[in-house]
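Coordinate inspection notes
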Amino acid sequence: MSDPSGTTESAAPPAAPEKPARSGRIRLPGSGRAWVFVAPVLLALAVVIGYPVVRAVVMSFQKDSGLDAATGMFVQGGGAGFDNYTHWLLQQCQLPDGSVESCPTGNLGSQFWAAIGITLLFTVVTVLLETALGLGMASVMGKTFRGRAVLRAAVLIPWAIPTAVTARLWEYMFQYDGVVNHLFGTHILWKTDPWPSRFAVIVADVWKTTPFMALLLLAGLQVIPGDVYEAARVDGASAWQRFTRITLPLLKPALLVAVLFRTMDALRLYDLPAIMMQGNPSTRTISMLVVDQVRQGPNSASALSVITFLMIFAVAFLLVKVLGANAVATQEEQRKAH
Amino acid sequence: MTKRLKSARIYVAALIVLVWGLGPFYWMAVTAFRDPAYTFDSTPWPTHVTLANFQHVFDTTRGNDFGRALVNSVIIGAATMVIALLLGMLAAYTLARVNFRGKGVVSGLILSASMFPVVVLVTPLFQLFTDLGWIGHYQAMIIPNISFVLPMTVYTLASFFTELPWELEEAARIDGAGRLQAFRLVMLPLAAPAVFTTAILAFIAAVNEYLLARLLSADKTEPVTVAISRFSGNDPKVPPYVEIMAAGTLVTVPLVIMVLIFQRRIIAGLTAGGVKS
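Residues numbered from 1 in each chain as written. Chains lettered and ligands numbered in written order. Predicted model: local features only at pLDDT ≥ 70, side-chain atom pairs only at ≥ 80, totals over all residues. Heavy atoms only, no water.

1. Description of the overall build of chain A
- Per the secondary structure count, chain A includes 15 helices and five strands.
- Across the 338 residues that make up chain A, the buried fraction comes to 51%.
- Counting every atom, chain A has about 15700 Å² of accessible surface; 65% of that belongs to carbon and sulfur. (Helix = DSSP H or I, 4+ residues; strand = E, 2+ residues; numbered from the N terminus. Buried < 20%, exposed > 50% of the residue type's maximum accessible area, 1.4 Å probe, protein only. Areas by Shrake-Rupley, 256 points an atom, 1.4 Å probe, with all protein chains shown as cover.)

2. Observations concerning the overall build of chain B
- Of the regular secondary structure elements, chain B holds twelve helices and one strand.
- When its helices and strands are written in sequence order, chain B yields α-α-α-β-α-α-α-α-α-α-α-α-α.
- Along the longest, intermediate and shortest principal axes, the C-alpha atoms of chain B span 70 × 70 × 30 Å.
- Taking all 277 residues of chain B together, 56% fall into the buried category.
- Across chain B, every contact between residues at least 6 apart in sequence was considered, and the portion connecting residues at least 24 apart equals 70%.
- Approximately 11600 Å² of chain B is accessible, and the part contributed by carbon and sulfur atoms is 67%.
- Taken as two groups, the 20 positive and 15 negative side-chain charges of chain B have centres that lie 12 Å from each other. (Contact = heavy atoms within 4.5 Å. Lys, Arg positive; Asp, Glu negative; His and termini not counted. Charge placed at Lys NZ, Arg CZ, Asp CG, Glu CD.)

3. Here we look at helix H7 (residues 163–173) of chain A
- The buried fraction of H7(A) is high, at eleven of eleven residues.
- Within the span of H7(A), buried status applies to A:Thr163, A:Ala164, A:Val165, A:Thr166, A:Ala167, A:Arg168, A:Leu169, A:Trp170, A:Glu171, A:Tyr172 and A:Met173.

4. Focus on the side chain of B:Thr123
- Mapped onto the elements, B:Thr123 comes out in helix H5 (residues 119–132).
- Not counting the four nearest positions on each side in its chain, B:Thr123 is found in contact with A:Met59, A:Val290, A:Val294, A:Pro298, A:Ala301, A:Ser302 and A:Ser305.

5. Regarding the environment of A:Leu90
- On the secondary structure map, A:Leu90 appears in the loop between helix H4 (83–89) and strand S4 (92–94).
- Through-space distance from the C-alpha of A:Leu90 to that of A:Ala237 is 56 Å; in sequence the pair is 147 residues apart.

6. Quick notes on the packing of aromatic side chains
- Tallied over the entire structure, the rule returns 23 aromatic pairs over all chains.
- Across the ring face of B:Trp27, the terminal group of B:Arg34 is positioned such that the distance to the ring centre comes to 5.2 Å. (Phe/Tyr/Trp six-rings, centres within 6.5 Å; stacked < 30°, edge-to-face > 60°. Lys NZ or Arg CZ within 6 Å of the ring centre and 35° of its normal.)

7. What to know about the interface of chain A and chain B
- Facing the 101 residues of chain A at the interface are 101 residues of chain B.
- Its salt-bridge partner being A:Arg55, residue B:Asp131 comes within 3.8 Å of it at the nearest N-O pair.
- The interface formed by chain A and chain B includes 14 residue pairs in polar contact (both at pLDDT 80 or more).
- Here the side of chain A that touches chain B is composed, by residue class, of 68 nonpolar, 17 polar and 16 charged. (Salt bridge = Lys/Arg side-chain N within 4 Å of Asp/Glu carboxyl O. Polar contact = N/O pair within 3.5 Å; in protein donor to acceptor, adjacent residues only side chain to side chain. Nonpolar A, V, L, I, M, F, W, Y, C, P; charged D, E, K, R; others polar.)

8. Observations concerning the pattern of salt bridges
- Using the criterion set out here, one finds eleven salt bridges over all chains in the structure.
- The closest approach of N and O atoms between A:Arg262 and A:Asp265, which form a salt bridge, is 3.0 Å. One end of the pair is A:Arg262 and the other is A:Asp265, both in helix H11 (residues 239–267) and three residues apart, which spans about a single turn.
- On the accessibility criterion, A:Asp265 (31% relative accessible area) is partly exposed.
- In this structure, B:Arg230 engages B:Asp219 in a salt bridge whose closest nitrogen and oxygen atoms are separated by 3.6 Å. Residue B:Arg230 is found in helix H10 (residues 224–230), and its partner B:Asp219 is found in the loop between helix H9 (211–216) and H10; the two are separated by eleven residues along the sequence.

This is the structure we're talking about:
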């Protein structure tokens, strides 16, 4: 996620005094001082992100402390090679006698692929629903009518409620005696049955995050000049044609960035299912698996968090490369459009 | 399609969006006032109204120290916000207004940091803070929050700063003000609304955090998010939903008031940090 335009800009020879009115930027004689201003942020991020990541990688190659099978003594770690990784990826557990076999059901190690599947399911379904509903919401909010400000404020409320509160609110509404079953006249066990509980988590997540998507899309919609639609209307384009031929292509950069942001968020989903469904394994995401493992074995938890990170990184890379979603490039395009 | 029919359609659509945003929140607030015996009453307006739930939330003899959790959240949110603004302001200004070699790399790094999965930090930090004896102290909650609040702060501020008129700063520089002086005396006052907006967003993000807080807090430093997730009543099998909804309402109402007052600025901030970034 580098900034291609920024790189070329800074690589340009500083000799030619370009009109500052165009760029709105001022050149420094030496770039040394700029680095002094940026350094505190980079240093802080190196401490709060860089250091723990390096330590997590180191930890992931160490044995968790436990009972030594041969001696019956409690031993502290030592090198583990890729054991912590094969534990998750191949679901291999170390038996007390030192031999390796596939993890018994109920062991967290046997839940890895299930957690991956659930995480991906939540990601694909929520992002698709949010995009569709967010587009609808954005087009309503983009219309001019009295009370539009009220609508925009109301839409911010789900976003502003802390996720922990959202989780308990929906947990309450999805109780057996709760309002959801009452409204629809159903008798579904939303908190324990696998598919109903997954459905409930998806509903709560979509409720909470669609407004954010809608606002990002609304910002993208407002950049599209109105006379393009006017011209299309004069030429006899139908509403559907105007949507597919004008709105979608022109909205694409903003849409892709919004999808990228939301996908990254959905892949690390933790609070909502963890609080709403407590120990229900049918909604256990990969982040939940990491947290559940921390106290049992920090080193194997580290391996799992490294796998999580690589997975999220790979998805981000794919989205950026394949779809061409580039947040920074979009920023430049939008600025030009203004 | 007639004009009237068209505007009727817009209002129906607007009403659906309105119910979407407000419906569940309204249900939480209504439930907060219900007598516990009527927890699952589904009358759409308050019946069997009581204020006891709000009292119980603060009743330490019932094991609910929600007052302390509220104070903790404000302390953690405010400290995170101040540190992120102090560190981030100059960097954002520099990214927005100065061209320097490696700028693309720096802004790319900060953007990727904002998408970083916090769950990776959890294990090493849990170990480190246990070794340092920090679990149960505020710094164990505030420092990790910097990892996601700071990138967001820098991005939002930088996108606001690019839109400020640069001429005033130029004039100050020509009149002999140093770069830092120009920033402090000319730009900072101009940027005040942007800084304020970013501060609100940073505060809300820090108060929302749950994953780190759950592992790195102890009873004494527990923020509202963790307190709400653990709320238990007399019967461990049945969560005291009316009290939980009362607690939820207490946390949410100040945030909602903030959102309603600063609605325009918050939307500007969200979309600046998101799409325009």
